[in-house]
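Chain by chain, the residues:
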Amino acid sequence: MNLQSDWVQIGLDIAIVATVIYAATLVYEFRNRLHLKYRAIGCASIFAALTILGTCQAFDLTTLHLFPLFGVAPELKNLTWETWSGFHEYTSLFAVGLIAIGLLVIARNIRMVLGATEGQERMFRLFLDNIPIHTSLKDHTGRFLLTNSSLERWLGLSVKEFIGKTMHDLLDDPAFLESLSESERIVLENNKIHETRVRVKGPDDKVRDFAVTKFPVQSPDRSFTHIGSIAVDITERLQAEANAAESEMRLLSLLEASPARITLKDVEGKFIMVNRTFADNVDATAEAMVGKSMYDCSSKDYADKSAAQDRDILETGNVLEMEYETKSPEGLELHRHLIKFPVRGVTDAVEGIGSISTDITARKRTEAALRESEARLHDAIEAMSEGFALYDRDERLVLCNELYRQSFPTLARIEGLIVPGMRFEDFVRAGAERGLVFTARGRVEEHMRERLEKFRDSKGPTEFQQPRGNWIRFEEKKIASGGTVCIRSDITKFKLAEEQLHQAQKMEIVGQLTGGMAHDFNNLLGVIIGNLDLLAEELGDNSDSSALVEAATKAALNGAHLNRQLLAFSRKQMLLPKVIDVNENVLNMSRMLRRTLGETIEIRTRQSHGPWTAEVDEAQLESALLNLAINARDAMPAGGTLTIETKKVSLNKEYVSTRSEVAPGEYVNLTVRDNGTGMPPEILAKVFEPFFTTKDVGKGAGLGLSMVFGFVKQSGGHVEAESAIEQGTSVELYLPYAKAR
């Protein structure tokens, strides 16, 4: 073995040792990242063996002396350079093989470590970039070593532009940069966390606020210090806080300006807050009331009641609402509305009691006035002599008086019909379908259309006759609110009065015509009777001619009697009125009537205690009574009862308002009543007309009742007749009462 080969061998050994040591260093460096557990023990054993072999190989010259020195391999003492070099050659080859295997294992594990490290770094970068806050690491000079991508969103710069640079290199904002430098200086000098707020203008020229926390990051041996930074965008939070503060200020202003007394108490009944209205009421300031209770500002009785209410709210969590009466300092009666409610915290536990007390005196007085007004309106509507109803714009009943309901007894018995909310259409249909309207019979739908059209357009009043004979008028008027006022009137009396007026007008016209004819006829009869008298004187004893003249004279005298009846009807006869006792006159006439009417007719007289005196023509009264008695007898061909009744009556304004040519006052009523065949309404309406008769031809001229009508009217009285088929007829004479002289 020459010297050159020895140096080569020595260099090879040194390289092997260095490689082994470096591999061991790598293993040690990555010991916490390998996570190989039991395999790590095997790798460490191999590396240890390689290290020992490599060391022995490198110092093979001294090995000859070291082994024997420690009593190991004493046979090596006899080795020479020649014998050792051969042995050394084999051991070197063996060491190289082991090192090669170890290096393969190391390389494989290093690749695994590097792969895991790169994956962890990627995950760390993803984690860092997705943090919604800015995170960075700087060296002591302020240069960026690490940062996340949040600055890209806030400042419009990429992460690569930050690394190795300072904020002074990237931004031109003196105020911000000065604040940043000051905070970093404080961290470096004091080695403590420093918090601050900064305002930065972004690329969109919008100013954003950040809460920045800077903290020291030191190496394990404290040989150097980096600066860590966390920045949170608090722009929205500050805006929300500003909005909340503004809202709170508005709320406080509202509470202070509120006329209601508002308080907030804790669970012990101590005031946390009161508004100015409450404080003014107890003659204190809002600040002075904080920490006090109701016992400090009110009577003990009131405070006890308030405390009991508070305990109930705390125990049940219910809301208390009540109204109560109190007195003002001047002694005036006041009304207040109180609401007490639990105030809950974030845990939903009751942490206090709020109260709002409002003065409702004006409202109570208004409600009382409204109730009084409604009562007056209700009384006024109910006192109306006409049915009243109010319908809204949807044609639904709002209100009506009792007379309106009573006007439709059949419909009023239908549940839910004539009640508020009823549709007018349903009301009309119910009456039409039940036959309560004559004009709707057999034509319900047509009647419905006509009636609703009038209701909606207010085209004048609607009149119809009910089955019982009453006449009804409906009149609708639109009001400003869009609703309709409906007035329902029973116009039966007006219809009768109108009919009576027409009858009176007709009778007046007929009377005028009859009177004129009677005067002319009377003049003619006067000439005829006068000439007949002269003719009778000239004839002397000529019996045949005298008989003819006498017959003619008799006919003329009958014509004169008939003419007097016409004059009586036309109220143009000569009357000789005087005050007579009607009772006495009836008694005298009843004796004569018994002989005149015959035995089949029973005469009854009913006279109230009088004397009942009237100023009339006695002869005409007797003639009128005779006419009425004869008509009654004719209505009772098989016999019957004739009743003559007298009494004193008083006709009021309501009675005479529906009758023409009669004045209110006192009258003597003379009634002649029979129980004969009676008359239908259409015949009864014409009985007082001249020449109208129900008797057969030749049995009556039709002037009897006309004479009675004319006599009573000429005497200032009134006459009425009532009749019904098979129930008889009643004629009433109202003669003006006159006191006996």
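Calculation notes
Residues numbered from 1 in each chain as written. Predicted model: local features only at pLDDT ≥ 70, side-chain atom pairs only at ≥ 80, totals over all residues. Heavy atoms only, no water. pLDDT = per-residue confidence, 0-100. Contact = heavy atoms within 4.5 Å. Pairing = 2+ DSSP bridges. Helix = DSSP H or I, 4+ residues; strand = E, 2+ residues; numbered from the N terminus. Axes fitted to C-alpha atoms, helices over the stretch in contact; angles between N-to-C directions. Salt bridge = Lys/Arg side-chain N within 4 Å of Asp/Glu carboxyl O. Buried < 20%, exposed > 50% of the residue type's maximum accessible area, 1.4 Å probe, protein only.

Below, the discussion takes up the confidence of the model for the protein. Overall, the prediction assigns the protein a mean pLDDT of 76, with 70% of residues at 70 or greater. This model gives residues 61-72 a pLDDT under 50, and the stretch forms 12 contacts once residues within four places in sequence are excluded. Low pLDDT (under 50) marks residues 697-701, which in the prediction has two contacts with non-local residues, meaning those over four places away or in another chain.

This part is about the sheet that holds strand S4 (residues 207-218). Strand order in this open sheet of five strands is S2-S1-S5-S4-S3, and the pairing throughout is antiparallel. Each edge of the sheet is formed by a strand with only one pairing partner; in this case those strands are strand S2 (144-147) and strand S3 (194-201). Here the strands of the sheet are splayed against their neighbours by 25 degrees on average, with no regard to which way each runs. In the sheet, S3 pairs with S4 via eight bridges, with the strands oriented antiparallel. Bridging from a neighbouring strand, Lys201 pairs with Val207 of S4. Running at roughly 160 degrees to S3, helix H9 (residues 174-190) makes contact with strand S1 (134-138), S3, S4 and strand S5 (225-233) of the sheet. Together, S3, S4 and S5 form the strand contacts of helix H10 (residues 235-257), whose direction differs from that of S4 by roughly 125 degrees.

With respect to the helices and strands, the residue Asn583 is situated in helix H21 (residues 582-597). Leaving out residues up to four positions away in the same chain, Asn583 has contacts with Gln607, Ser608, Gly610, Trp612 and Thr646.

A full pass over the atoms with the stated rule returns 29 salt bridges. Put simply, Glu241 and Arg237 hold a salt bridge, and the shortest N to O gap is 3.4 Å. Note that Glu241 and Arg237 are positioned in helix H10 at a spacing of four residues, about one turn of the helix. Assessed through its relative accessible area of 41%, Glu241 is described here as partly exposed.

Read from one edge of the open sheet, five strands run S12-S11-S15-S14-S13, paired in antiparallel fashion. Whereas interior strands pair on both sides, the edge strands pair on one side only; in this sheet they are strand S12 (397-400) and strand S13 (462-465). Neighbouring strand axes in the sheet, compared pairwise and without regard to direction, differ in orientation by 20 degrees on average. Here strand S14 (residues 471-478) runs beside strand S15 (residues 484-490); their pairing, made up of seven bridges, is antiparallel. By the bridge assignment for S15, Phe474 is matched with Arg488.

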